[in-house]
Structure formats: structure tokens, C-alpha cells
Amino acid sequence: MGRQPLWRRVNFIPPITYFKPAGVPLARLQEICLTVEEAEAIRLKDLEGLEQEECAQKMKVSRTTFARVLLSGRRKVADALINGKAVRISGGNFEMATRRLRCANDHEWEMPSEVLSGVEALPCPTCHTPSIVPGMPGAGWGRGAQGKHRRGGRNC
Ligand SMILES: [Zn+2]
């Protein structure tokens, strides 16, 4: 019940979303579309060096699904590097990690958990009180903007 297996959880969206090989004329340029969750899978496994099990848990998918997403992402990156193709990171089915916060005056707001990591107290955006009610239940999740607004024309 309530499970949405299509939406993979993502904690990070790369700041640069387009990579183009130098010296390839635009007319001859081939483009690969890496989805945000494929980029996240590569980040977790290959950059952070987490075990596959941990990666799958972070993205709230099964190990087999994670392995499939990772393999698909790696293959695309390899294709781009070896064959000199451009890479666009875009689209896919993912939701961004957010955390729900509440201040002492009962204002509620959400922030990307990325922003919150390592920050103890952020003032309330409404009344600017620094007293945040502790113990809000876990992380909440909102869908990533790029997940909602998919690019027309190019399909990953
Ligand atoms: Zn407030």
C-alpha cells in the first residue's frame, strides 16, 4: 500500500547538466540522456563508494532495480566517453529528499535535506524565530522539479 516503485529517491541533482565533447561539430554531435536517478546511482556507488545494499536503501528501490539503474547509467557514460557523445542529465522518475520543519509559532516549511545536512538551526522563513520544534518525524519527500517538468522532444 502507498508504495510508488516508479519514483526513486534522489538526494542530489548535479549542478552541471550538460557535457559536450570538445571539437565535435554540432551537426555530428550525438547526445546521450542520463536520467537524474542514473546519475544518483553512479554518485552513490562510484563516487561515495557505498555498498549496493546501502545505495538501494537510499534510493528506496530493490537491489536488482538499483543494479539495473546503475548499469544503465554506467553504460551511457562509457558510451559518451568512448564514442565522444554529449551527455544531458535530465528527466527520469525521481523525488527529491526534503525535510519538514516547524517553528515554535507553528509555521511549517520544507527544505531540501541537502541544505540541512550539518546545519543545526535554521530560522523560520516566516517569523524568523530560531526556535525550531525538535523531533519532527523523519524525512519527507517532494518530487524533483526536473521530474515534474520533463523535457519535450527528447525522451531518456
Ligand atoms: Zn515561524
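It should be noted that the structure appears before, not after, this text.
Residues numbered from 1 in each chain as written. Predicted model: local features only at pLDDT ≥ 70, side-chain atom pairs only at ≥ 80, totals over all residues. Heavy atoms only, no water.

Asks: Even after reading the chapter, I still don't get helix 1 (residues 36–47), so can you show me in this structure?
Replies: Because each turn of an α-helix spans 3.6 residues, side chains separated by three or four positions end up pointing in the same direction. Of all 12 residues in helix 1, 9 are buried; the element is thus mostly enclosed. Residues of helix 1 that are buried: V36, E37, E38, A39, E40, A41, I42, R43 and L44. (Buried < 20%, exposed > 50% of the residue type's maximum accessible area, 1.4 Å probe, protein only. Helix = DSSP H or I, 4+ residues; strand = E, 2+ residues; numbered from the N terminus.)

Asks: Can you help me understand the environment of L71 in this one?
Replies: By secondary structure assignment, the location of L71 is in helix 3 (residues 63–83). With relative accessibility at 45%, the residue L71 sits in the partly exposed group. Distance from L71 to A41, taken between C-alpha atoms, is 9.0 Å for residues 30 residues apart in sequence.

Asks: Just checking my understanding: could you explain the coordination of the zinc ion for this structure?
Replies: Expected angles at a metal are 109.5 degrees for tetrahedral coordination by four donors and either 90 or 180 degrees for octahedral coordination by six donors. Coordination of the zinc ion by the protein is provided by C103 (SG), H107 (ND1), C124 (SG) and C127 (SG), with metal-donor distances spanning 2.0 to 2.3 Å. Note that the zinc ion binds 4 donor atoms; their angles at the metal cover 104 to 112°, and the shape is tetrahedral. Expressed as a motif, the donor residue spacing for the zinc ion is C-x3-H-x16-C-x2-C. Of the two residues, H107 is situated in the loop between strand 5 (94–102) and strand 6 (108–112) and C127 in the loop between helix 4 (113–116) and strand 7 (140–143); the sequence distance between them amounts to 20 residues. A relative accessible area of 24% means that H107 is categorised as partly exposed. (Donors = N, O, S within 2.8 Å, 3.2 Å for Na, K, Ca; no water. Tetrahedral: all angles 85-135°; square planar, octahedral: opposite > 155°, others 65-115°.)

Asks: For this particular structure, what's the right way to read the pairing of strand 4 (residues 86–89)?
Replies: On a regular strand, each side chain points to the face opposite its neighbour's, so the side chains alternate between the two faces of the sheet. Of the two faces of strand 4, both are covered, the one formed by A86 and R88 as well as the one formed by V87 and I89. The pairing of strand 2 (residues 18–19) with strand 4 spans 2 bridges and is classified as antiparallel. Looking at the pairing, F19 lines up with V87 of strand 4. Alignment of strand 3 (residues 31–34) against strand 4, held across 4 bridges, turns out to be parallel. Paired with C33 across the strands is R88, a residue of strand 4. (Pairing = 2+ DSSP bridges.)

Asks: Looking at this model, I keep getting lost on the nonpolar core. Mind explaining?
Replies: Nonpolar side chains in soluble globular proteins generally cluster together in the buried interior. Counting 21 residues, the largest nonpolar core has V10, A41, M59, F66 and I89 as the members making the most contacts within it. For this core, the secondary structure elements donating two or more residues are strand 3, helix 1, helix 2 (52–58), helix 3, strand 4 and strand 5. Examining the composition of this core, we find that 5 residues originate from one element, helix 1, more than from any other. A41 has contacts with D46, M59, F66, V69 and L70, leaving out every residue within four places of it along the chain. L101, C103, W109 and M111 belong to the second-largest nonpolar core, a separate cluster that totals 5 residues. (Core = buried A, V, L, I, M, F, W, Y, C linked by side-chain atoms within 4.5 Å. Contact = heavy atoms within 4.5 Å.)

Asks: Any chance you could explain helix 3 here in plain terms?
Replies: Taking 1.5 Å as the rise per residue, helix 3 with 21 residues should run 30 Å; its terminal C-alpha atoms sit 29 Å apart, in good agreement. For helix 3, the full list of buried residues reads T65, F66, V69, L70, G73 and A80. An end-on view of helix 3 places all buried positions within 130° of arc, on one side of the element. Facing away from the buried side of helix 3, by more than 90 degrees, are the exposed residues T64, R68, R75 and I82. Next to the buried residues of helix 3 lie strand 1 (8–10), strand 3, helix 1, helix 2 and strand 4. Taken from the residues just after helix 3, G84 is the one with a positive phi, measuring 65°. (Expected span 1.5 Å × (residues − 1). Arc of directions from axis to C-beta.)

Asks: For this particular structure, what's the right way to read the sheet that holds strand 3?
Replies: The strands that make up a sheet pair up through hydrogen bonds in the backbone, lying either parallel or antiparallel. Read from one edge of the open sheet, 3 strands run 2-4-3, paired in mixed fashion. Every other strand in the sheet has two partners, leaving strand 2 and strand 3 as the edge strands with one partner each. Set on the sheet, helix 1 makes contact with strand 3 and strand 4; between it and strand 3 the angle comes to about 75°. Together, strand 3 and strand 4 form the strand contacts of helix 3, whose direction differs from that of strand 3 by roughly 155°. (Axes fitted to C-alpha atoms, helices over the stretch in contact; angles between N-to-C directions.)

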